[in-house]
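What follows is the residue order along each chain.
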Amino acid sequence: MVSHGYVLPTRGIVLSADDGLEQAARADSEVVELAQRAEGLGLDAVWAGDSVLAKPRLEPLSALSAIAGATDAVTLGTAVYLPQLRHPVHVAHQAATVDLMSGGRLALGIGVGVGSSVVEEHEQLDVPYGRRGALLDEGLEIATGLWEDEPVTVDGEFFDLEDADIGLRPCGSPPPLYIASATFDPRDGFPRPIRERIENHGGGWLPIGMTPEMYESGLERAREIVDDAGRNPALFDAAYYHDVVIAETEAAAIEEARDFLERYYPAKAPFSDDEIRARGAFGPPSVVAEHLERYADAGVESFVTRFAASDQREQLRRYADIVG
């Protein structure tokens, strides 16, 4: 059974609103209301991206907490969250709060982030960019430990804790951790940090920018890692993050995506047609449906779909017609 999730435009209110009152109105109408609309159209999840300074937006766990009270059943996910930008005790505390308030609906896609703006973001937050992976991994050990029953004591490279306990436990079971990645080499496998995150924490895989063939090979290897770690690989979710624009022609969809992406990632502009095509599906409903089928055949179980377009409501409606 394939599930479909929608990436909420939590950065859109920064790109399109000038002051706090306008941003407040858009946070309600373009985030909370869109989450409700996605649930009403039958989608299974809503996801929020993350950035503090590099690509400013609503803080994801705070936004998902508000959405928890406005929805009934959709999974509330981060795609993707950058835990190393926060102290792991705060990460554990906030995540447990959202999970409890939503009745156990939280899922955390996690990654480290890349790019020149992300380097600057880490520097301004006094987080060592070159050690961000090690910082993330140590932080995950602390956060997941704080969701268990015993207090946490750590004498680590980055953090020292003695008998730390946030007092809260996630609802039922810990939120699944989806390991984000943008690379997989069928010959060499995953880079060591990704492999170890899947081994130690992976409840799912959340890559981007892969061909169906690469995805299928990567998923097989990821589930082998989970199996070797003594966990049930059948419970390891196969997710995929992609961009979609539905339009009457491919050319119109690509132009819409180009405008969106160059405003969203100005440092990466300009985007060529091939660079845009590599990000997902762009064109008539039949093109998008065929794209979804190819990736589902490669093993995708959970699509995490961002609409690289200005009219989110229309894209959401047309996408629901395709997958409904």
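Residue numbering note: each chain is counted from 1, following its sequence as written. Reporting of local features is limited, given that this is a predicted model, to residues whose pLDDT is at least 70; pairs of side-chain atoms are given and counted only at 80 or more, and all residues count toward the totals for whole chains, interfaces and linings. To get the side-chain values, take all heavy atoms of the structure and skip hydrogens and water.

**A look at the side chain of Ser 302**
Then, number 1: Working definition: helices are DSSP H or I runs of at least four residues, strands are E runs of at least two. Numbering for both runs from the N terminus. Looking at where Ser 302 falls in the secondary structure, it is placed in strand β11 (residues 302-307).
Then, number 2: In what follows, residue pairs with any heavy atoms lying within 4.5 Å of each other are defined as contacts. Not counting the four nearest positions on each side in its chain, Ser 302 is found in contact with Ser 3, Asp 237, Ala 238, Ala 239 and Tyr 240.

**Here we look at the packing of aromatic side chains**
Then, number 1: Each Phe, Tyr or Trp ring (for Trp, its six-membered ring) is paired with any other whose centre lies within 6.5 Å, and the angle between the two planes then decides the class: stacked below 30 degrees, edge-to-face above 60, tilted in between. Tallied over the full model, the rule gives 12 aromatic pairs.
Then, number 2: Here Tyr 6 and Phe 307 contribute two aromatic rings whose centre-to-centre distance is 5.4 Å and whose plane-to-plane angle is 35°, an arrangement assigned as tilted. Placement of Tyr 6 in strand β1 (residues 3-7) and of Phe 307 in strand β11 is noted, with a sequence separation of 301 residues between them.
Then, number 3: Classification of residues uses two cut-offs on accessible area relative to the type maximum, computed with a 1.4 Å probe and protein chains only: under 20% is buried, over 50% is exposed, and between them is partly exposed. Classification of Tyr 6 by relative accessible area gives buried; the value is 0%.
Then, number 4: What makes Phe 307 buried here is its relative accessible area of 1%.
Then, number 5: Ring centres of Tyr 215 and Tyr 240 lie 5.6 Å apart, and the angle between their planes is 80°; this geometry places the pair in the edge-to-face category. A residue pair is termed long-range when its members are at least 10 positions apart, and Tyr 215 in helix α8 (residues 212-228) and Tyr 240 in strand β9 (residues 237-246) qualify at 25 residues.
Then, number 6: Tyr 215 sits in the buried class, given a relative accessible area of 0%.

**Some remarks on the nonpolar core**
Then, number 1: Grouping buried Ala, Val, Leu, Ile, Met, Phe, Trp, Tyr and Cys residues that are joined through side-chain atoms within 4.5 Å yields what is termed a nonpolar core. Among the nonpolar cores identified, the biggest contains 70 residues, and Ile 67, Leu 108, Ile 198 and Tyr 319 are the most heavily contacted of them.
Then, number 2: No other element matches helix α6 (residues 132-146), which puts 6 residues into this core.
Then, number 3: Not counting chain neighbours up to four residues away, the residues in contact with Ile 198 comprise Ile 179, Phe 190, Ala 222, Ile 225, Val 226, Arg 231 and Phe 236.
Then, number 4: Counting residues in hydrophobic clusters, the runner-up holds 14 residues, among them Ala 253, Ile 254, Leu 261 and Tyr 264.

**Section: the UniProt feature "domain: Luciferase-like" (unreviewed entry) in the chain**
Then, number 1: UniProt positions are given in the numbering used here, feature names are shortened, and annotations may be inferred rather than shown by experiment. UniProt tags residues 27-301 as "domain: Luciferase-like" (unreviewed entry).
Then, number 2: When the span residues 27-301 is considered, its composition is 45% helix and 18% strand, and the gap between its end C-alpha atoms is 29 Å.

**Topic: the pairing of strand β4 (residues 106-110)**
Then, number 1: Along β4, 5 of the 5 residues are buried, which leaves the element largely enclosed by surrounding structure.
Then, number 2: Covered by surrounding structure in β4 are Leu 106, Leu 108 and Ile 110 together with Ala 107 and Gly 109, the residues of both alternating faces.
Then, number 3: Strands are labelled as partners when DSSP assigns at least two bridges between them. In the sheet, strand β3 (residues 75-81) pairs with β4 via 4 bridges, with the strands oriented parallel. Pairing of Leu 76 across the sheet is with Leu 106, part of β4.
Then, number 4: With helix α4 (residues 88-101) bridging β3 and its parallel neighbour β4, the resulting β-α-β unit is right-handed.
Then, number 5: The sheet contact formed by β4 and strand β7 (residues 177-181) spans 3 bridges and is parallel. Opposite Leu 108, over in β7, you have Leu 177 as the bridge partner. Seen with its strands pointing away from the viewer, a crossover is right-handed if its path from the first strand over the helix to the second goes clockwise.

**Some points on the environment of Tyr 240**
Then, number 1: A residue is classified by how much of its surface remains accessible, and Tyr 240, at 1% relative accessible area, is buried.
Then, number 2: Tyr 240 sits 117 residues away from Glu 123 along the chain, and the two C-alpha atoms are 30 Å apart.
Then, number 3: Filtering out sequence-adjacent residues up to four positions away, Tyr 240 remains in contact with Leu 206, Pro 207, Ile 208, Gly 209, Met 210, Tyr 215, Tyr 295, Val 300, Ser 302, Phe 303 and Val 304.
Then, number 4: Within polar-contact distance, the side chain of Tyr 240 engages the backbone nitrogen of Gly 209 at 3.3 Å.
Then, number 5: A distance of 3.0 Å separates a polar side-chain atom of Tyr 240 from the backbone nitrogen of Met 210. Pairs of N or O atoms are called polar contacts if they sit within 3.5 Å, as long as, within protein, a hydrogen donor faces a hydrogen acceptor (for residues adjacent in sequence, only side-chain-to-side-chain pairs).

**Observations regarding helix α7 (residues 192-201)**
Then, number 1: Residues Ile 194, Arg 197, Ile 198 and His 201 constitute the buried set of α7. When α7 is viewed along its axis, its buried side chains cluster within an angular range of 110° and face the same direction.
Then, number 2: Packed against the buried residues of α7 are α6, β7, β8 (202-207) and α8. The arc in question is formed by the directions pointing from the helix axis toward the C-beta atoms.

**Observations concerning unusual backbone geometry**
Then, number 1: In this chain, Ala 79 is followed by Val 80 through a cis amide linkage whose omega measures -10°.
Then, number 2: Topologically, Val 80 is positioned in strand β3.
Then, number 3: Notably, Asp 126 is not glycine yet its phi reads approximately 60°, a positive angle.
Then, number 4: Counting through the fold element by element, Asp 126 comes out in the loop between α5 (116-124) and α6.
Then, number 5: Positive phi, normally seen in glycine, also occurs at Asp 163, with a value near 50°.

**Digging into the pairing of β9**
Then, number 1: Counted residue by residue, β9 has 10 buried out of 10 residues, so it is predominantly covered.
Then, number 2: Side chains Asp 237, Ala 239, Tyr 241, Asp 243 and Val 245 project from β9 onto one buried face, and the interleaved Ala 238, Tyr 240, His 242, Val 244 and Ile 246 project onto a second face that is buried too.
Then, number 3: Relative to β9, β8 is paired through 2 bridges, and the arrangement is parallel. In the strand pairing of β9, Gly 204 is matched with Asp 237.
Then, number 4: Where β9 meets strand β10 (residues 280-283), 4 bridges bridge the pair, whose relative direction is parallel. Following the sheet pairing, Ile 246 is matched in β10 by Gly 283.

**Notes on the side chain of Ser 102**
Then, number 1: Structurally, the position occupied by Ser 102 is in the loop between α4 and β4.
Then, number 2: Reaching out from Ser 102, the side chain makes a polar contact with the backbone oxygen of Val 98 at a distance of 2.9 Å.
Then, number 3: Residues in contact with Ser 102, not counting those within four places in the same chain, are Ala 68 and Leu 76.

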